[in-house]
Every structure is written in structure tokens, then in C-alpha cells.
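# Remarks on the overall topology
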Amino acid sequence: MIRTFHAELARLTRRRVLLGAVLVVLVFGIGGAAVVLAAAKPARDTTGGLTPTVEGLSGAGGGTDVFRFAAAFAGTLVFVVFVGLFAMEFSRGTYRTMLLRQPRRVRLLAGKILALLCFAAVTLAAIEIVIWLSARVQASGAGVSTGKWVSLEGLGFALTDYGMVMLWVTGYAVLGMTVAVLLRSVPVALAVGIAWAGPIEHLLGDAWPTASKVFPGLLLEIVGEGGTPAVSSTRAALTVTGYLVLAAAITGTVFARRDVSS
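Reference entry: report on the structure contained in this document.

So, how was this worked out
- Residues numbered from 1 in each chain as written.
- Predicted model: local features only at pLDDT ≥ 70, side-chain atom pairs only at ≥ 80, totals over all residues.
- Heavy atoms only, no water.
- Helix = DSSP H or I, 4+ residues; strand = E, 2+ residues; numbered from the N terminus.
- Rg over C-alpha atoms; globule rule 2.2 N^0.38 Å.
- Buried < 20%, exposed > 50% of the residue type's maximum accessible area, 1.4 Å probe, protein only.
- Contact = heavy atoms within 4.5 Å.
- Areas by Shrake-Rupley, 256 points an atom, 1.4 Å probe, with all protein chains shown as cover.
- Salt bridge = Lys/Arg side-chain N within 4 Å of Asp/Glu carboxyl O.
- Core = buried A, V, L, I, M, F, W, Y, C linked by side-chain atoms within 4.5 Å.
- Phe/Tyr/Trp six-rings, centres within 6.5 Å; stacked < 30°, edge-to-face > 60°.
- Lys NZ or Arg CZ within 6 Å of the ring centre and 35° of its normal.
- Axes fitted to C-alpha atoms, helices over the stretch in contact; angles between N-to-C directions.
- Parallel < 35°, antiparallel > 145°, perpendicular 65-115°, else oblique.
- Nonpolar A, V, L, I, M, F, W, Y, C, P; charged D, E, K, R; others polar.
- 1 Å grid on protein atoms, 1.4 Å probe; cavity = no way out; pocket = protein on both sides within 12 Å on 5 of 7 lines; lining within 4 Å.
- Points joined across faces, edges and corners; volume = space filled by probe spheres on them.
- Expected span 1.5 Å × (residues − 1).
- Patch = residues over 30% accessible without salt bridge, like charges linked within 9 Å, V, L, I, M, F, W, Y side chains within 5 Å.

## What to know about the overall build of the protein chain
Helix and strand counts for the protein chain stand at 11 helices and zero strands. Over its C-alpha trace the protein chain gives a radius of gyration of 19 Å, about what one expects of a compact globule, namely 18 Å for 262 residues. With the C-alpha coordinates of the protein chain rotated into their principal frame, the extents come out at 60 × 45 × 30 Å. Each of the 262 residues in the protein chain was classed as buried or not, and the buried ones make up 45%. The contacts of the protein chain with a sequence gap of at least 6 include a subset with a gap of at least 24, amounting to 72%. With an accessible surface of roughly 13,200 Å², the protein chain has 68% of that area assigned to carbon and sulfur atoms.

As C-alpha cells, then:
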């Protein structure tokens, strides 16, 4: 697993990949802050849901609330990226080559996803910093006060929000890996994953109120939102963690026992 981790990390830290990551951090950080602040409204004008309020963003955790709201808009994109990263290895035939050097399949998969999550963790930290700085510059134009952002309480909110968003990314990473390993084909995995996590879950959620407490995609959205009146962020995080353990077990079992012919 360690060798796979180092090999995957070496691929992720190539100059081209790092330059792309820096570009994503800057574009998403500055653009995400602008979008969230533009969407912020006084609390009296909101109806709940994923809507930032001027009063909420003016609190001690407002700076990283912007980060959390911005991240929540990118759930489908994150899911697509991880599905593609794992399914593409089947299409290119690289899993077979890697297994010649690392025959322990579960360790191979574990090393790969751990390296991806470590890279994602560093990227997320950079995005949070850029969004905080960008939001502080832009906040006055949206009527948001930033006086409470620089405080120990604000730092506590920053760490909490980072942890929740990292769990959110981990959720999409593990579920994306599961879909990719089960289906192996990039187009099929993307089609099934996007259809389920997008319209199907939301349509079923509209018809069945309890769906938000059951379906993994909806629960991940709640984690990103920081909780809803129906489901707290803690409950959503615990349920998602259970799903991730189950998904990882299924993925490891299938990858270990099924033939890898490409």
C-alpha cells in the first residue's frame, strides 16, 4: 500500500498537475466567493435550504461558511472526477500493469485512494484560505460584516467547516470508486452515478420525505450544507460514514475477487 501511495502521489505532484491544481484553487476560490456573496440575502427574504444569509455570513464562522456553501455547489463535479479517475484505469488497462508490481489488490486500491484524498486535503485547505481572503475583500459589497471573522471562534469554525467538507469529498471519492470498480466503464459509470446522485435521488426525495435521511447523495448534500431542520449535520455525517464503510468493503471484495483483464 505504501508503494502504491507513493507512486500515485508522484503522479499527482507532477508539474502539469500542480499547475492545474493551482489554477483550480484560484478560479474556484475567487469565483466561489463571488457567487456565494452575490447569492446572500437578508434572513427575512430566504426560505431556508442552501441559501446563504447576510446575517449568517456576518458571524464568526461567516468566512468559512462561504467556503462550505461554495463547495456544496460542486458535488456532482467532484463525484464525476473520482468516478473518472478510477474507471479510466480499467479503460487504459493500467490496473493489470499495476497488479504485476503490487499483487495485493486491496492494498493497491487503498494506496490509490489515500493518495488522492491526501492531495484533495491539501487542495481543499488552499481553497479555503483563498475563499476566505477573497470573501473578506468582496464582503462589503454584499453588506456582510467581517469583523468577527478574525477570532478564535472563527478559527474553530474554520476547522469544523474544513473537516465537514473533507468528509463530503471523501464520501464522493469512495462512492465514485465503488461505482467505477463495479461498472468498470467510464461512460456507463458516469451515466449511472450522475443519474442516481442527481435526478433520481432528488425526484424520490420530493416524493418521499424520509429519503433525505436514507440516500447517500442527499445525505452528502446535507453534510455540505451544514445540516437542515430535518437532518442535523452530525446525523448526516454519521450515516454517511456508515455508507462509506459499507461501500469500501464491497469495493475491496469485488476488486479482490473479480478478474482484471484490462
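## Here we look at the pattern of salt bridges
Overall, the coordinates contain four salt bridges when judged by the stated rule. The partner of E8 in a salt bridge is K112, with the nearest N and O atoms 3.4 Å apart. Residue E8 is located in helix α1 (residues 2–12), and its partner K112 is located in helix α7 (residues 105–138); the two are separated by 104 residues in the primary sequence. Given a relative accessible area of 5%, E8 falls into the buried group. We classify K112 as buried; its relative accessible area is 3%. Here D161 makes a salt bridge to R68, at a shortest N to O gap of 3.6 Å. Here R68 lies in helix α4 (residues 62–72) and D161 lies in helix α8 (residues 152–183), a separation of 93 residues in the sequence. Its relative accessible area of 7% is what places D161 among the buried residues.

## Comments concerning the nonpolar core
L57, F86 and W168 are the most contacted members of the largest nonpolar core, which has 68 residues in total. If near-sequence neighbours (up to four positions away) are discounted, L57 is found in contact with V36, L37, A40, P52, G62, D65, V66, F69, V144, S145 and W149.

## Quick look at the packing of aromatic side chains
Overall, the coordinates contain four aromatic pairs when judged by the stated rule. Aromatic side chains W132 and W149 sit 6.1 Å apart centroid to centroid with 50° between the ring planes, which places their arrangement in the tilted category. A residue pair is termed long-range when its members are at least 10 positions apart, and W132 in helix α7 and W149 in the loop between α7 and α8 qualify at 17 residues. Since its relative accessible area comes to 3%, W149 is described here as buried. Lying across the ring of F69, R68 places its NZ or CZ 5.0 Å from the centre.

## Some remarks on the packing of helix α9 (residues 186–207) against helix α10 (residues 216–225)
At their nearest, the axes of α9 and α10 sit 9 Å apart, and the two run at 85° to each other. Between α9 and α10, the interaxial angle falls into the category roughly perpendicular. Residues E201, H202 and G205 of α9 form the contact with α10, whose own contacting residues are P216, G217, L218 and E221. Taken together, the residues that form the contact of α9 with α10 break down as two nonpolar, three polar and two charged.

## Observations regarding the side chain of T251
Of note, T251 is situated in helix α11 (residues 233–257). Leaving out residues up to four positions away in the same chain, T251 has contacts with L109, M177, T178 and V181.

## A short note on unusual backbone geometry
The backbone of R184 sits at a positive phi, close to 70°, despite the residue not being glycine. Mapped onto the elements, R184 comes out in the loop between α8 and α9. Under the relative-accessibility criterion, R184 is labelled buried at 19%.

## Some thoughts on the layout of surface pockets
Put simply, the largest pocket is a space of about 730 Å³. Looking at the lining of the largest pocket residue by residue, the class counts come to 19 nonpolar, two polar and two charged.

## Details of α11
An ideal rise of 1.5 Å per residue puts 36 Å on 25 residues; α11 measures up with 36 Å between its terminal C-alpha atoms. Along α11, the residues classified as buried are A236, A237, V240, L244, A247, T251, G252 and F255.

## A short note on a nonpolar patch on the surface
A cluster of nonpolar residues, L182, L183, V188, V192, L246 and I250, forms a patch on the protein surface that exposes about 460 Å² of accessible area. With respect to the secondary-structure elements, L246 resides in helix α11.

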